[in-house]
Amino acid sequence: MITTAAILSTGDELTSGKVVDTNSAFIADRLSSLGIKVTAVLKVGDDREALLWAMREAAGLGEIIIGTGGLGPTADDLTSEVVAELLGCPLVQNEEIAVALRSRFDARRIPWTVNNLKQALFPQGAEILPNPVGTAPGFRVSLGQNKNLLWLSGVPQEMTAMFEQTVVPWITAESGA
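Residues numbered from 1 in each chain as written. Predicted model: local features only at pLDDT ≥ 70, side-chain atom pairs only at ≥ 80, totals over all residues. Heavy atoms only, no water.

1. Focus: the layout of surface pockets
Here comes step 1: Each pocket or cavity is described by its volume, and for the largest pocket that value is around 240 Å³.
Here comes step 2: The residue inventory of the lining of the largest pocket, partitioned by class, reads 4 nonpolar, 10 polar and 5 charged. (1 Å grid on protein atoms, 1.4 Å probe; cavity = no way out; pocket = protein on both sides within 12 Å on 5 of 7 lines; lining within 4 Å. Points joined across faces, edges and corners; volume = space filled by probe spheres on them. Nonpolar A, V, L, I, M, F, W, Y, C, P; charged D, E, K, R; others polar.)

The structure is reproduced here in structure tokens:
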């Protein structure tokens, strides 16, 4: 039974005040409706050390940590590599995701650049969380001690779809409801 959660959002746009973090509010509201107490909401910019610190803090504050942001193809999208560092494991490329990304770009006649493959890199052993709306899938990893980290896209429309289609059913199954 999952009773507590911490929420973690990442992105310079959130810490600068240029974008309002609606993801955390949505997630907190939905978790509350599922009977899960949100113990903390952390927000950090696109900084490796700050993100690593926030992940460690969040892991001490909830049975599940739900994070958003930093899964894209740009240099400041650090989430997957920081989670791998936290877990002490390598990043591995998921070939199925890599092929799907190329196909999606080709079908839309969007020029392909190799940095897009960054969206197919995951901490070793991660369970992929599909993104039915966008290109960057999320993932779930065990942190040990009966704790899990679930990471979703930072784009609100994508995050909402991922949360409703993947996270809610997982929480329900884990809680035995």
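2. Focus on the sheet that holds strand E3 (residues 64-68)
Here comes step 1: Ordered by their spatial adjacency, 6 strands build an open sheet running E2-E1-E3-E8-E7-E6, and the pairing between neighbours is mixed. Each edge of the open sheet is held by one strand with a lone partner, namely strand E2 (37-44) and strand E6 (127-129). Across the sheet, the axes of successive neighbouring strands diverge by a mean angle of 20 degrees, strand direction being ignored.
Here comes step 2: Relative to strand E7 (residues 138-144), helix H4 (residues 79-87) is tilted by about 15 degrees, and along the sheet it contacts strand E1 (4-10), E7 and strand E8 (147-152). (Pairing = 2+ DSSP bridges. Helix = DSSP H or I, 4+ residues; strand = E, 2+ residues; numbered from the N terminus. Axes fitted to C-alpha atoms, helices over the stretch in contact; angles between N-to-C directions. Contact = heavy atoms within 4.5 Å.)

3. Description of the packing of aromatic side chains
Here comes step 1: This structure, assessed with the given rule, holds 3 aromatic pairs.
Here comes step 2: Ring geometry for Phe-105 against Trp-112: centres 5.2 Å apart, planes inclined by 90 degrees, an arrangement best described as edge-to-face. There is no split in this pair, since Phe-105 and Trp-112 are both buried.
Here comes step 3: Aromatic pair Phe-122 and Phe-139: ring centres 6.2 Å apart, planes at 75 degrees, arrangement edge-to-face. Placement of the pair is Phe-122 in strand E5 (residues 121-123) and Phe-139 in strand E7, with a sequence separation of 17 residues.
Here comes step 4: Using a relative accessible area of 3% as the deciding quantity, one classes Phe-122 as buried.
Here comes step 5: Classification of Phe-139 as buried rests on a relative accessible area of 0%. (Phe/Tyr/Trp six-rings, centres within 6.5 Å; stacked < 30°, edge-to-face > 60°. Buried < 20%, exposed > 50% of the residue type's maximum accessible area, 1.4 Å probe, protein only.)

4. Details of the pattern of salt bridges
Here comes step 1: Using the criterion set out here, one finds 4 salt bridges in the structure.
Here comes step 2: Its salt-bridge partner being Glu-127, residue Arg-140 comes within 2.7 Å of it at the nearest N-O pair. In this pair, Arg-140 is assigned in strand E7 and Glu-127 in strand E6, connecting sequence segments 13 residues apart.
Here comes step 3: The buried category is assigned to Arg-140, whose relative accessible area is 18%.
Here comes step 4: When salt bridges that share partners are traced, they join Arg-48, Glu-81 and Glu-85 into one network. (Salt bridge = Lys/Arg side-chain N within 4 Å of Asp/Glu carboxyl O.)

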